[in-house]
There are 2 protein chains.
Amino acid sequence: MKHGFVKGRRVWHGGAMVSRKSSPRPAPRATAAPSSAAIQKRTRQQHAQERAEDYVEAIADLIAGSGEARATDLAKSLGVTHVTVIRTVQRLQREGLVTTQPYRSIFLTPSGRKLAAEAKARHETVAEFLESLGVPQATARADAEGIEHHVSPATIAAFRRFLATGG
Amino acid sequence: MKHGFVKGRRVWHGGAMVSRKSSPRPAPRATAAPSSAAIQKRTRQQHAQERAEDYVEAIADLIAGSGEARATDLAKSLGVTHVTVIRTVQRLQREGLVTTQPYRSIFLTPSGRKLAAEAKARHETVAEFLESLGVPQATARADAEGIEHHVSPATIAAFRRFLATGG
DNA sequence: CCAAGAATGTAGCAAAAGCTACATTGATTG
DNA sequence: CAATCAATGTAGCTTTTGCTACATTCTTGG
Ligand SMILES: [Mn+2]
Ligand SMILES: [Mn+2]
Ligand SMILES: [Mn+2]
Ligand SMILES: [Mn+2]
């Protein structure tokens, strides 16, 4: 509020000529529709969380499948170099999702296990849902890898409803 | 192929003890299932494309709505600062999606218009589909903002089928 | 016209995720 | 038991997307 008030009719570049008179703004509804800016910000936050989810899920899968998660196997499964894995795992350790020691394999902390379980459940629901819609399995699996990080609980619930009834 | 051949039983860290004998690998099926690594790589490519799609779509909306797309309005709509917009628009210009000149508004090139139209169509299909599944509109709109970039043509087709018939 | 202030641009920083090249460690096998 | 070489770690680079702080330009009301 640097300048105290808005100048009224002052406009730049013409634009839509929206009147800015100080009509009292309408009382916000009970459920205000999020602005496009807010929606975009939420999507960006989901992206920041995305790599963490993919990593803990892959780590959990490796542990379930072979007893341990090694950086090389993780790199192979994620399609990146081992260098990238090591650095990202360091971040995940900073964030309390995994633990590891030099030249040892990677372990999930309790919160890492929780995140992995949630991510895996979401991931599989999305994939099954797409398949049940008639999307070829390979495509469904590929699309689910990206979609999984952007489905809210309400959407997952809708997918599960569909699978339970119509699917 | 640095070392010419694989050593057979050599194993590290125990692991699953998978035999590596040089049995001739099975002939690839007609439709080889993509590796998890390949799927992850595709998802990362979609992310790199994502900001471009959101930008050209927002630019197209601003032009449709008010006749021009200014950096400030774009920043407001995307939820970032004008600095971020200016730098990203420079990249999009490098890539031939938009044109702009100092202190002027932003225009879409033909390929920018094409990308915007495709992105918008996908975006709206995803949002309508989620709503038709019973997801509350605000949630559907929010989820669609992230999902839209990860739906293949086959999945979009399945969504449209559902909307045309079951929806 | 002209100054205020909105819009735009620039400088410089950070974090994250990728990479190649090279160094170090450690498990296996001969 | 020692050499080999896979696995891991480190150094240093790039790109992208954010940000704040400050400089410049342009539009417009008075
Ligand atoms: Mn997943
Ligand atoms: Mn994923
Ligand atoms: Mn969109
Ligand atoms: Mn989007």
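Here, the structure is the one placed above.
Residues numbered from 1 in each chain as written. Chains lettered and ligands numbered in written order. Predicted model: local features only at pLDDT ≥ 70, side-chain atom pairs only at ≥ 80, totals over all residues. Heavy atoms only, no water.

Colleague: When you look at the interface of chain A and chain B in this model, what are you seeing that I'm missing?
Modeller: As a measure of interface size, the accessible area lost when the parts come together is often cited. With 49 residues of chain A at the interface, the matching set in chain B holds 48 residues. Between chain A and chain B, roughly 3600 Å² of surface is buried when both sides are summed, and carbon and sulfur atoms account for 59% of that area. Our count for the chain A to chain B interface comes out at two salt bridges. One salt bridge in this structure joins A:Arg42 and B:Asp143, with 2.8 Å as the shortest N-O distance. Summed over the shared surface of chain A and chain B, the result is 21 residue pairs in polar contact (both at pLDDT 80 or more). Of all the secondary-structure elements, those providing two or more residues to the side of chain A that touches chain B are helix H1 (36–66), helix H2 (71–78), helix H4 (110–132), helix H5 (137–147) and helix H6 (153–164) of chain A. The dominant element in the side of chain A that touches chain B, judged by the number of residues it contributes, is H1(A), at 13 residues. For the side of chain A that touches chain B, a count of residues per class yields 21 nonpolar, 15 polar and 13 charged. (Contact = heavy atoms within 4.5 Å. Buried area = accessible area lost by both parts, 1.4 Å probe. Salt bridge = Lys/Arg side-chain N within 4 Å of Asp/Glu carboxyl O. Polar contact = N/O pair within 3.5 Å; in protein donor to acceptor, adjacent residues only side chain to side chain. Helix = DSSP H or I, 4+ residues; strand = E, 2+ residues; numbered from the N terminus. Nonpolar A, V, L, I, M, F, W, Y, C, P; charged D, E, K, R; others polar.)

Colleague: Help me out: how do you make sense of the coordination of the manganese ion (ligand 3) in this one?
Modeller: Tetrahedral coordination by four donors puts the ideal angle at the metal at 109.5 degrees, and octahedral coordination by six puts it at 90 or 180 degrees. Residue and element names in this part refer to chain B. With distances of 2.0 to 2.4 Å, the protein atoms coordinating the manganese ion (ligand 3) are Glu57 (OE), His123 (ND1), Glu148 (OE) and Glu148 (OE). Mapped onto the sequence, the donors of the manganese ion (ligand 3) take the spacing E-x65-H-x24-E. Between the manganese ion (ligand 3) and the manganese ion (ligand 4), the interatomic distance is 3.8 Å, and Glu148 donates to each metal, bridging them. Taken as a pair, Glu57 in helix H1 (residues 36–66) and Glu148 in the loop between helix H5 (137–147) and helix H6 (153–164) lie far apart in primary sequence, 91 residues in all. Comparing Glu57 with Glu148, the two get one shared label, buried. (Donors = N, O, S within 2.8 Å, 3.2 Å for Na, K, Ca; no water. Buried < 20%, exposed > 50% of the residue type's maximum accessible area, 1.4 Å probe, protein only.)

Colleague: How should the relation of the copies chain A and chain B be read in this particular structure?
Modeller: Two copies of a chain can be linked by a rotation about an axis combined with a shift along that same axis. Superposition record for chain A on chain B: RMSD 0.0 Å, screw rotation 180 degrees, translation along axis 0.0 Å. Both copies of the chain, as the preceding transformation shows, are related through a two-fold rotation axis. Measuring from the rotation axis to each C-alpha of chain A, the shortest distance belongs to A:Ile147, at 2.6 Å. When the interface residues of chain A are mapped onto chain B, 98% of them again lie at the interface, so the same face is used by both copies. (Least-squares fit on C-alpha atoms with pLDDT ≥ 70 in both.)

Colleague: How do you make sense of the packing of H1(A) against helix H2 (residues 71–78) of chain B when you look at a structure like this?
Modeller: Two elements in contact, H1(A) and H2(B), have axes whose closest approach is 6 Å; the angle formed by their N-to-C orientations is 60 degrees. The pairing of H1(A) with H2(B) is recorded here as oblique in orientation. Taking contact as the criterion, the partners of A:Ser36, A:Ala37, A:Gln40 and A:Arg44 in H1(A) are, on H2(B), B:Lys76, B:Ser77 and B:Leu78. (Axes fitted to C-alpha atoms, helices over the stretch in contact; angles between N-to-C directions. Parallel < 35°, antiparallel > 145°, perpendicular 65-115°, else oblique.)

Colleague: Is there a simple way to explain the packing of aromatic side chains in this structure?
Modeller: In this description, a pair of aromatic rings is defined by centroid distance and the angle of the planes. Taken as a whole and judged by the stated rule, the model has six aromatic pairs over all chains. A centroid spacing of 5.8 Å and a plane angle of 75 degrees characterise the contact between A:Phe162 and B:Phe162, whose relative ring orientation is edge-to-face. Separated into two different chains, A:Phe162 in helix H6 and B:Phe162 in helix H6 make up a pair that spans both. Per residue, the accessibility class of A:Phe162 equals that of B:Phe162, and both read buried. Each ring, one from B:Phe129 and one from B:Phe162, has its centre 5.3 Å from the other, and the planes form 75 degrees; the classification is edge-to-face. Residue B:Phe129 is found in helix H4 (residues 110–132), and its partner B:Phe162 is found in helix H6; the two are separated by 33 residues along the sequence. Take B:Phe129: its relative accessible area is 0%, and that puts it in the buried class. Every member of this aromatic cluster is reached through a ring pair, and the members are A:Phe129, A:Phe159, A:Phe162, B:Phe129, B:Phe159 and B:Phe162. (Phe/Tyr/Trp six-rings, centres within 6.5 Å; stacked < 30°, edge-to-face > 60°.)

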